[in-house]
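Structure assessment
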Amino acid sequence: MAIDKDRVIIFDSTLRDAEQAPGASLNIPEKLEIAHQLNKLGVDVIEAGFAVSSPVQYEAVNLIAKEVQGPIIASLARTVQKDIDAAAKALAPAARRRIHTFTSTSPVQMEYMLKKNPAEVLASAVEAVKYARCVTDDVEFSAQDASRSDQMFLREIVQAVIEAGATTINIPDTVGYATPELMGAMIKDLIENVPGAKNVIFSMHCHNDLGLASANSLAGVVAGARQIECTINGLGERAGNASLEEVVMAMKVRNDYYKLHTGIKTEEIYRTSQMVSRLMGIEVQVNKAIVGANAFAHESGIHVDGILKNRETYEIMTPASVGVPTSRMVLGRHSGKHGFKKRCEELGFDLTEAQINEAFDKFLELADKKKEIYDEDICSILEVGMDKPSNAYKLEYLQVSSGSGTIPSATVKIRRGDDVLQHAAWGDGPVDAAYNAIEAAIGIDVHLDKYQIRAVTGDSKALGEAVLRITHDGRSFTGHGASTDIVEASAMAYISAINHMIRFNETAKKKQA
Ligand code: KIV
Ligand code: ZN
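Because the structure is a prediction, the values reported are computed rather than measured. (Residues numbered from 1 in each chain as written. Chains lettered and ligands numbered in written order. Predicted model: local features only at pLDDT ≥ 70, side-chain atom pairs only at ≥ 80, totals over all residues. Heavy atoms only, no water.)

1. Some words on the overall build of the chain
A count of helical and extended segments in the chain gives 17 helices and 16 strands. A compact globule built from 513 residues would reach a C-alpha radius of gyration of about 24 Å, and the chain, at 25 Å, matches this within 12%. If you line up the chain on its principal axes, its C-alpha atoms span 70 × 65 × 45 Å. Burial statistics for the chain: of 513 residues in total, 53% are counted as buried. Contacts in the chain between residues at least 24 apart in sequence constitute 66% of all its contacts with a sequence separation of at least 6. (Helix = DSSP H or I, 4+ residues; strand = E, 2+ residues; numbered from the N terminus. Rg over C-alpha atoms; globule rule 2.2 N^0.38 Å. Buried < 20%, exposed > 50% of the residue type's maximum accessible area, 1.4 Å probe, protein only. Contact = heavy atoms within 4.5 Å.)

Okay, structure coming up:
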């Protein structure tokens, strides 16, 4: 088959680089859910984690390798044998697997982090690539901090790892220090001067410390790189990585200039962005390019007038092209199951009849409280807690009392199968009181690490969505809840995190047995 020289490989690192970011960690089922969505989105490579770094990372890489068919599944590994062994073992079930090995090449990182001289670094890189090639013929080498490395040393190490069998050479701007002109020149120099460079794929991996990650990545592909490593919503270490939606849409919208394409199904971008934001508990900045709430909003009179006459006056791409729902008020109490099902399909959900029935019941409950149901409400219904274990706890009743001059208190009734658990408690506020009552009713003591509440849609009757993270026995679990009552949404989120924890413990017990 002829190689398509204009095709840029999209390597998604949301589950590795973004997941390393403060406050972004995910549990295993959440990682799997995102990996399935990345597959739907059409990414070429999913970097599923850093297998050696913890048992949870290993398990996640291994599960994704087993369950997600289509993309290449990659695991990160330092240039040491135990890392490569762990990556190889975790990736074994994948039909297409890649070992991504890296070491630092800048003077500052070699001296202070690795405590090695350049010759030792080069030797370890060559050895690691050769070792990884015994497991898979798809080996990527990354020269960490390449943009602050000596270009002559970079040429030397890149040549050596190509000779050792690396098939992709990644040139990271690890600290977000590069500029587009310099990044482009660096890639061009390597492609032109390193023997064997034309037989491998050069890759960009740019961080956003100066806000240039997407521009630097695009400069790299203009200079001849054919892979971009990026993340959904641009999440990642510190200021993040190049954002997938930005680089992909830049190449699509400005195809006249770049003349490059990707395999991304751009209509899946918005849903992926929302899913990552919800599961990581990190809100998308409102003015974020492509996926921010304001990305397609027009406010000023002149702009609105232009848009009404012809959208192209102020829009360079349509909201539909990236899957942003355009019709606002779509359904109400009388829309019926058929209309609801059709809208779910339009929003890209592929549901079984049982899931439709469950979601429709929730939709009716919501429609009783809120006359106008928006697309975001439907997404929230569908993505919040549809997959409950059979013995999951369910909030049946919640009553809170709070106000100035009163001590906040809450009473909860929680069902688990035929058992109904009831308790009342005080707290520092209505949410704290509800959490104390839930813990007492269930007989559990968990630690709340993180708690966020947001309005799914903009009006005062908006569905409030609570996202939180609990820890128990050193593991964290995320929970989500949505309701027009934010205390109820918070209680539902708490119970959903507890249900995740139960599901995790049950799976662990089954595995042991
Ligand atoms: O930023 C970086 O250099 C990395 C490497 C591990 C590829 O994330
Ligand atoms: Zn990185």
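Once the structure has been displayed, the description carries forward.
2. Regarding the coordination of the zinc ion (ligand 2)
Asp17 (OD), His205 (NE2) and His207 (NE2) make up the full set of protein donors to the zinc ion (ligand 2), lying at 2.1 Å. Counting gaps between the donor residues of the zinc ion (ligand 2) yields the pattern D-x187-H-x1-H. Of this pair, Asp17 sits in the loop between strand S1 (9–12) and helix H1 (28–41) while His205 sits in strand S7 (residues 201–206); the two residues are 188 residues apart in sequence, bridging distant segments of the chain. Its relative accessible area of 5% is what places His205 among the buried residues. (Donors = N, O, S within 2.8 Å, 3.2 Å for Na, K, Ca; no water.)

3. Regarding the side chain of Ser124
Turning to its location among the elements, Ser124 is positioned in helix H5 (residues 118–133). Leaving out residues up to four positions away in the same chain, Ser124 has contacts with Thr79 and Lys116.

4. So, the packing of helix H2 (residues 55–67) against helix H3 (residues 81–91)
Interhelical geometry of H2 versus H3 gives an angle of 40° and a closest axis separation of 7 Å. Across the interface between the two elements, Tyr58, Val61, Asn62 and Ala65 of H2 pack against Ala86, Lys89, Ala90 and Leu91 of H3. (Axes fitted to C-alpha atoms, helices over the stretch in contact; angles between N-to-C directions.)

5. Structural notes on a nonpolar patch on the surface
On the surface, a cluster of nonpolar side chains totalling about 320 Å² of accessible area is made up of Leu448, Tyr451, Ile453 and Ile486. Element by element, the count of residues in the nonpolar patch is highest for strand S14 (residues 447–455), at three residues. Here Leu448 shows up in strand S14. (Patch = residues over 30% accessible without salt bridge, like charges linked within 9 Å, V, L, I, M, F, W, Y side chains within 5 Å. Areas by Shrake-Rupley, 256 points an atom, 1.4 Å probe, with all protein chains shown as cover. Salt bridge = Lys/Arg side-chain N within 4 Å of Asp/Glu carboxyl O.)

6. Comments concerning the site of ligand 1
In the region of ligand 1, the neighbouring residues are Arg16, Asp17, His100, Phe102, Ser142, Gln144, Asn170, Pro172, Thr174, His205 and His207. Interatomic distance of 3.1 Å between a side-chain N/O atom of His205 and an oxygen atom of ligand 1. Computed on the free molecule, ligand 1 has an accessible area of 260 Å², of which 95% lies beneath the protein chains in the complex. Breaking the shell around ligand 1 down by element, the ones donating at least two residues are strand S4 (97–104), strand S5 (139–144) and strand S6 (168–173). Grouping the amino acids of the shell around ligand 1 by side-chain chemistry returns two nonpolar, seven polar and two charged. (Near = heavy atom within 4 Å. Polar contact = N/O pair within 3.5 Å; in protein donor to acceptor, adjacent residues only side chain to side chain. Nonpolar A, V, L, I, M, F, W, Y, C, P; charged D, E, K, R; others polar.)

7. Regarding the packing of aromatic side chains
All told, the structure shown has seven aromatic pairs when counted by the stated rule. Centroid distance Tyr435 to Tyr451: 6.4 Å. Interplanar angle 85°. Geometry classified as edge-to-face. Pair noted here: Tyr435 is in helix H16 (residues 430–442) and Tyr451 is in strand S14, with a separation of 16 residues, a long-range link. According to the relative accessible area criterion, Tyr435 is buried, its value standing at 4%. A ring pair is formed by Tyr435 and Tyr494, whose centres lie 3.8 Å apart and whose planes are at 5°; its orientation type is stacked. Highlighted residues: Tyr435 in helix H16 and Tyr494 in helix H17 (residues 486–512), separated in sequence by 59 residues. For Tyr494, a relative accessible area of 2% puts it in the buried group. (Phe/Tyr/Trp six-rings, centres within 6.5 Å; stacked < 30°, edge-to-face > 60°.)

8. What to know about the packing of H5 against helix H6 (residues 151–164)
Following both chains from N to C, one finds H5 and H6 inclined at 25°, their axes separated by 8 Å at the closest point. As the angle between them shows, H5 and H6 are arranged roughly parallel. Where H5 crosses over H6, the two elements pack in a sense that is right-handed. The residues of H6 that touch H5, namely those facing Pro118, Val121, Leu122, Ala125, Val126, Val129, Lys130 and Arg133, are Phe153, Glu156, Ile157, Ala160, Val161 and Ala164. For the contact of H5 with H6, the class distribution of residues is 11 nonpolar, no polar and three charged. (Parallel < 35°, antiparallel > 145°, perpendicular 65-115°, else oblique. Left-handed = near helix turned anticlockwise from the far one by under 90°.)

9. Describing the pattern of salt bridges
Evaluation of the coordinates by the stated rule reveals 20 salt bridges. Between Arg16 and Asp17 there is a salt bridge, with the nearest N and O atoms lying 3.5 Å from each other. Per residue, the accessibility class of Arg16 equals that of Asp17, and both read buried. Glu396 is the partner of Arg415 in a salt bridge, and the nearest nitrogen-oxygen pair spans 2.5 Å. Taken as a pair, Arg415 in strand S12 (residues 409–416) and Glu396 in strand S11 (residues 394–401) lie far apart in primary sequence, 19 residues in all. We classify Arg415 as partly exposed; its relative accessible area is 32%.

10. A closer look at the sheet that holds strand S2 (residues 45–49)
If you walk around this closed barrel you meet the eight strands as S1-S2-S3-S4-S5-S6-S7-S8, and the pairing is parallel. The sheet shows a mean angle of 25° between the axes of neighbouring strands, direction not considered. Strands in contact with H2 are S2 and strand S3 (72–78); relative to S2, the strand with the most contacts, it is inclined by about 150°. Strand contacts of helix H9 (residues 244–253): S1 and strand S8 (227–230), with the helix running at about 145° to S8, the strand carrying the most contacts. (Pairing = 2+ DSSP bridges.)

11. Section: the environment of Ser380
Within the secondary structure, Ser380 is located in helix H15 (residues 375–383). Judged by relative accessible area, Ser380 falls into the buried class, the value being 1%. On a C-alpha basis, the gap between Ser380 and His480 in space is 9.5 Å, while along the polypeptide they are 100 residues apart.

12. Topic: the pairing of strand S13 (residues 419–426)
Pairing geometry for S12 and S13, over eight bridges, is antiparallel. When the bridges of S13 are listed, Lys413 appears paired with Gln422.

13. Comments concerning the nonpolar core
Counting residues in hydrophobic clusters, the biggest one holds 96 residues, and the most contacted among them are Ile10, Phe141, Ile157, Ile169, Ile171 and Phe202. Here this core takes eight residues from H6, the largest share from any one element. Counting the residues that make up this core, at least three belong to each of domain 1 (9–280) and domain 2 (294–324). Look past the residues within four positions of Ile169 in its chain and what remains in contact with it is Phe141, Val158, Val161, Ile162, Val200, Ile201, Phe202 and Ser203. (Core = buried A, V, L, I, M, F, W, Y, C linked by side-chain atoms within 4.5 Å. Domains from an automatic or database assignment.)

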